[in-house]
Amino acid sequence: TKLASARYKIFGEENNPYSTRGDYEHAAKKPVYNFRNFLSERGINLKKTSIPTLDLRLNASEIERGKKLLDSLVPKEKKTICIFTNATGTKSYSEEWWKAFHQELKAEFKDHNIFELLPVANVSKIDFQEPSLSSKDIREMGAVLVNTDIFIGADCWIMHLASAVKIPTLGLFSVTNADKYQPYGNQSRAINTNEMDFNDIKSVINKTLFP
């Protein structure tokens, strides 16, 4: 907002009635609540609707290409769990953590594909033990993700990309503020790994895959 060259800019105001909402501090929602408050104070009546989820707006041909690419990597008759084992700085989990978690996933979800989306650097914290894909094309990554059944990864931009293609997204949080950055909508939620162990996470995955 500070960099925008617009004639009018909205930064948010004190005594905003939306500030009492439990999700007001979320980075994607707070600007929307502030804008809605700005409009309502100027006599524009708004419908009381929930905050829309992120949306990459993939088209049908992109989704179909993504499906063909994923089907070339994993059996198409099984549900697919997608993991992303990288993140930046202290948000990243260690190789030891991911390898242990990967073994837990394999044991619990024997009838599912486990697929790893890789960063541009093409590195894997599970030593490439599962089918994987590295891409520089954000829309291609999104098209593959939308054909999976659940995404699991640390707080990072790939987590938000998964959320933007409207699949259930489990964000792993250990240092950053989940209230501010967690994925939302489409059965998505934050997992605080300081409070939840592997068994807790597997339980959440089961409830998400089989609601």
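Here the structure is shown first, and the text comes after it.
**A closer look at the nonpolar core**
Okay, step 1: Core analysis: the biggest nonpolar cluster contains 24 residues, and Phe-115, Leu-117, Leu-145, Phe-151 and Ile-158 have the highest contact counts within it.
Okay, step 2: Those elements that provide at least two residues to this core are β1 (80-84), β2 (113-118), α4 (138-145) and α5 (157-164).
Okay, step 3: With five residues, α5 is the largest single contributor of residues to this core.
Okay, step 4: Among all residues touching Leu-117, those that are not within four sequence positions of it are Cys-82, Ile-83, Phe-84, Leu-133, Met-141, Leu-145 and Ile-158.
Okay, step 5: Leu-105, Ile-191, Ile-201 and Ile-205 belong to the second largest nonpolar core, which has 21 residues in total.

**Structural notes on the environment of Ala-100**
Okay, step 1: For Ala-100, the location among the structural elements is in helix α3 (residues 95-108).
Okay, step 2: Since its relative accessible area comes to 33%, Ala-100 is described here as partly exposed.
Okay, step 3: Linking Ala-100 and Asn-45, residues 55 residues apart in sequence, is a C-alpha distance of 52 Å.

**Structural notes on the pairing of β1**
Okay, step 1: Burial analysis of β1 places five of its five residues in the buried class, the great majority of the element.
Okay, step 2: Here β1 shows two buried faces, one formed by Thr-80, Cys-82 and Phe-84 and the other by Ile-81 and Ile-83.
Okay, step 3: For β1 and strand β4 (residues 150-154), the ladder comprises four bridges, and the chain directions are parallel. Bridge pairing in β4 links Phe-84 to Gly-153.

Here is what the cut-offs are and how they apply
- Residues numbered from 1 in each chain as written.
- Predicted model: local features only at pLDDT ≥ 70, side-chain atom pairs only at ≥ 80, totals over all residues.
- Heavy atoms only, no water.
- Core = buried A, V, L, I, M, F, W, Y, C linked by side-chain atoms within 4.5 Å.
- Buried < 20%, exposed > 50% of the residue type's maximum accessible area, 1.4 Å probe, protein only.
- Helix = DSSP H or I, 4+ residues; strand = E, 2+ residues; numbered from the N terminus.
- Contact = heavy atoms within 4.5 Å.
- Pairing = 2+ DSSP bridges.

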